[in-house]
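# Analysis of the macromolecular model
The chain contents come next:
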Amino acid sequence: MHAASTIVAVTAGPPEERPPHTPADLNTLEPAIWPRTSGRTGGAVTIGGIDVRDLAKEFGTPLYVVDEEDFRSRCREYRSAFHDGEVHYAAKAFLCREVARWIDQEGLGLDVCSAGELAVALSVGFPPARITLHGNNKSLAELEKAVQTGVGHIVVDSFEEIARLGFLAEKHGVRPKVMIRVTVGVEAHTHEFIATAHDDQKFGLSLSGGAAAEAVRRILALPQLELTGLHSHIGSQITDVGGFEVAARRLATLLVEIKEEHGVVLPELDLGGGYGIPYVTGDESLDVKVIADGLREIVTKVCESAGLPVPRLTVEPGRSIAGLSGVTLYEAGTVKNVEGLRTYVSVDGGMSDNVRTALYGAEYTAVLASRESQAGPMLSRLVGKHCESGDMVVRDLYLPGDLAPGDLIAVAGTGAYCRSLASNYNYLPKPAVVAVSNGQARVIIRRETEDDLLRGQL
Ligand code: LLP
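Residues numbered from 1 in each chain as written. Predicted model: local features only at pLDDT ≥ 70, side-chain atom pairs only at ≥ 80, totals over all residues. Heavy atoms only, no water.

By the naming in an unreviewed UniProt entry, the protein goes by Diaminopimelate decarboxylase and is assigned to Microbispora cellulosiformans. UniProt lists a comment for the protein under the heading Subunit (unreviewed entry), and it reads "Homodimer." (UniProt positions renumbered as here; feature names shortened; annotations may be inferred.)

Written out as C-alpha cells, the structure reads:
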C-alpha cells in the first residue's frame, strides 16, 4: 500500500482474541454488575429471592425484571450523599407509575421532559413541587401544563421559551421558578449521541458564547418569572469525574458573575445527571459519596471566595439509580455456529427491547441463567429476532459451549434506557416489567398484546 493512501482497507478477520474463560467464570455473577439481591441457587439465577425459571414460567419472556431493593437502595445512597441538597430521579431512564411511587416514597424529586412523563407522575399523586420540567423544545401545551400544575422548576433551554413562559405565567397569575440550562463547554468522554455540554449541539445556552448571560438578563427583566438558579447536564454514562467537576466550577463561577452584574444571588445549582455504571468486567464504578463531596467542595470554594452564600445543589441521576436494578430475561431460540467465526445465539427479543447496542455500540454482560454449566467457553454473539443484522443484544461474549434452545439467558444492566427506548419494530409487543422483592414478583407494566398493537388503527 502507498504510504500516502488515506483509505485503509479493513478486512474482516477472525474475532478479536479475549482472555479465556473458565466454566466457573461463565457462571459467575459479578456483584458490581448484577442486581444487589441476585445470586445462584441450585444453579439457576435468582433475583429478589425468585428463581428466573419461575419468572419465565409465570410471566413469559422476554421479561424485564427489576430488583426493587436494588433500585430503592440506590435512591437512599444518593439521598444520604446529597443530604444537604436535592436528588431528582431522571424519569427518562425508566418511569412507570410504580417507579414514580418508589421515587416519592424514597423522598426524591423527579425530572420529566415531556407531558407524558409528567402525566405518569401526576397520575400517582407525585407532589408537583418536587418535579422539574426539562426539554429543548417543550411545546406551549407542555409549558402550560407545567405552569398550571405548579411544578417546582422549569429549566429554560432557549430564548423563545423565556417569552412563552412569561406569557403563560401572566395568563395564569403565577410566578414559576425557572433555571437556565447552561452549556458549559465540557467535552464529556462518552458516545457522541449522549454528550451534551460541548457547544455544537442542541441543548442549553452557551456559556462561552454569552447566550447564558443574555438569558439571565432577559429573565431578570421579566417580573413574571422567578430565576432560582443554573442547570448543567454534560452527558450520560460518564465515568471520568473530571468533567462533572469542571462543569460545577464553571456554573458556580457564573453565579458569581451574575451577582457582580445584577447584584442578584441565585440560591440553586442543578448539576444534572450522567454518572456512569459498570456494564462489563473492567468498567469503572463511581462512588456516590465521593462525587457528592467533590462537587460540594468545588462549589463551596468558588462561592465562598467570592463572598457568596453556597447554593443548594441538585443532581439528576437516572441510569445510576435504575440501570443495575434491571435484568432482561430471554429464551434462546436458535444456536447457529458459523464455522470458524462464532456462534449466533438468537433470543426472543432484541433491538425492540434494547436498542442501546445498535444505537450506541453499548456493551452488556449476559449469562446462561436457567442452569449452571461445566462446558467450556463458546465465542458468541447474542442477537435478536428482528429483520436486520444490526439487531444485536451483546456483540461479543462467551457463553457455555452446551447452550441450547430453551435455555434462559439473563442480560445485566438493562434497568435504564431499555424499556424507555423500546419500540414495536416488526410489531413485536413490548415485554412486561416485573418487580421482584423478598420472594414476591409483581407485574408493574403488563406485557403488550396483539390487541395493543392494533389499537388506534383504522
Ligand atoms: N438530566 C438531564 C437534563 C438529562 O438530559 C439526563 C439524560 C439526565 C439528567 C439523566 O442522565 P443519566 O444519569 O441517566 O445518565 N438514551 C441514552 C441516554 C440519554 C440520556 C439523556 N439525558 C442511553 O441509553 O445511554
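The next subject is the domain arrangement of the protein. Looking at the protein, the domain boundaries give domain 1 (39-66 + 323-454) and domain 2 (68-320). Between domain 1 and domain 2, the C-alpha centre-to-centre distance is 33 Å. Listed per partner, the contact involves 23 residues of domain 1 and 21 residues of domain 2. Looking at the side of domain 1 facing domain 2, the largest losses of area belong to Leu324, Tyr360 and Tyr417, adding up to 29% of the total buried there. A salt bridge links glutamate 68 to arginine 442; the nearest nitrogen and oxygen atoms lie 2.8 Å apart. Seen at the junction of domain 1 and domain 2, the total is nine residue pairs in polar contact (both at pLDDT 80 or more). Mapped onto the side of domain 1 that touches domain 2, the elements with two or more residues apiece are helix H12 (356-360), strand S20 (432-437) and strand S21 (440-445). For the side of domain 1 that touches domain 2, the element with the most residues is S20, which contributes four residues. Among the residues forming the side of domain 1 that touches domain 2, the class breakdown is 12 nonpolar, seven polar and four charged. (Domains from an automatic or database assignment. Contact = heavy atoms within 4.5 Å. Buried area = accessible area lost by both parts, 1.4 Å probe. Salt bridge = Lys/Arg side-chain N within 4 Å of Asp/Glu carboxyl O. Polar contact = N/O pair within 3.5 Å; in protein donor to acceptor, adjacent residues only side chain to side chain. Helix = DSSP H or I, 4+ residues; strand = E, 2+ residues; numbered from the N terminus. Nonpolar A, V, L, I, M, F, W, Y, C, P; charged D, E, K, R; others polar.)

Right, let's get into a negative patch on the surface. Judged by side-chain charge, Asp240, Asp283, Glu284 and Glu363 come together as a negatively charged surface patch. Mapped onto the elements, glutamate 284 comes out in the loop between strand S12 (268-270) and helix H10 (288-305). (Patch = residues over 30% accessible without salt bridge, like charges linked within 9 Å, V, L, I, M, F, W, Y side chains within 5 Å. Areas by Shrake-Rupley, 256 points an atom, 1.4 Å probe, with all protein chains shown as cover. Lys, Arg positive; Asp, Glu negative; His and termini not counted. Charge placed at Lys NZ, Arg CZ, Asp CG, Glu CD.)

Next up on the list: the site of the ligand. Surveying the vicinity of the ligand reveals 19 residues, the closest of which are Ser236, Glu316, Arg356, Tyr360 and Tyr417. Serine 236 places a side-chain nitrogen or oxygen 2.3 Å from an oxygen atom of the ligand. Contact with the protein chains hides 91% of the accessible area of the ligand, taken as 580 Å² for the molecule alone. For the shell around the ligand, a count of residues per class yields six nonpolar, eight polar and five charged. Of the domains in this structure, domain 1 (39-66 + 323-454) and domain 2 (68-320) are the two that each give at least three residues to the shell around the ligand. (Near = heavy atom within 4 Å.)

Turning to the nonpolar core, a few remarks are in order. Within the largest apolar cluster, 108 residues are counted, with the highest numbers of intra-cluster contacts made by Tyr89, Leu110, Leu230 and Leu382. Broken down by element, this core gets its largest block of residues, nine residues, from helix H9 (residues 242-262). No fewer than three residues from each of domain 1 (39-66 + 323-454) and domain 2 (68-320) sit in this core. Sequence-distant contacts of leucine 230, defined by excluding residues within four places in its chain, comprise Met179, Ile180, Val182, Leu251, Leu254, Leu255, Ile258, Leu266, Glu268, Leu269 and Asp270. Among the nonpolar cores identified, the runner-up in size contains 22 residues, and Val52, Ala56, Leu63 and Val434 belong to it. (Core = buried A, V, L, I, M, F, W, Y, C linked by side-chain atoms within 4.5 Å. Buried < 20%, exposed > 50% of the residue type's maximum accessible area, 1.4 Å probe, protein only.)

Here we come to the packing of aromatic side chains. For the coordinates displayed, the defined rule picks out six aromatic pairs. Plain terms: the ring middles of tyrosine 78 and phenylalanine 82 are 6.3 Å apart, the flat faces sit at 10 degrees to each other, and that makes the pair stacked. Of the two residues, tyrosine 78 and phenylalanine 82, both sit in the buried class. Relative to tyrosine 275, the ring of tyrosine 78 has its centre 6.3 Å away and its plane inclined at 40 degrees; by these criteria the two rings are tilted. Taken together, the positions of tyrosine 78 in helix H3 (residues 68-81) and tyrosine 275 in the loop between S12 and H10 put the pair 197 residues apart, joining distant regions of the chain. A residue is classified by how much of its surface remains accessible, and tyrosine 78, at 2% relative accessible area, is buried. (Phe/Tyr/Trp six-rings, centres within 6.5 Å; stacked < 30°, edge-to-face > 60°.)

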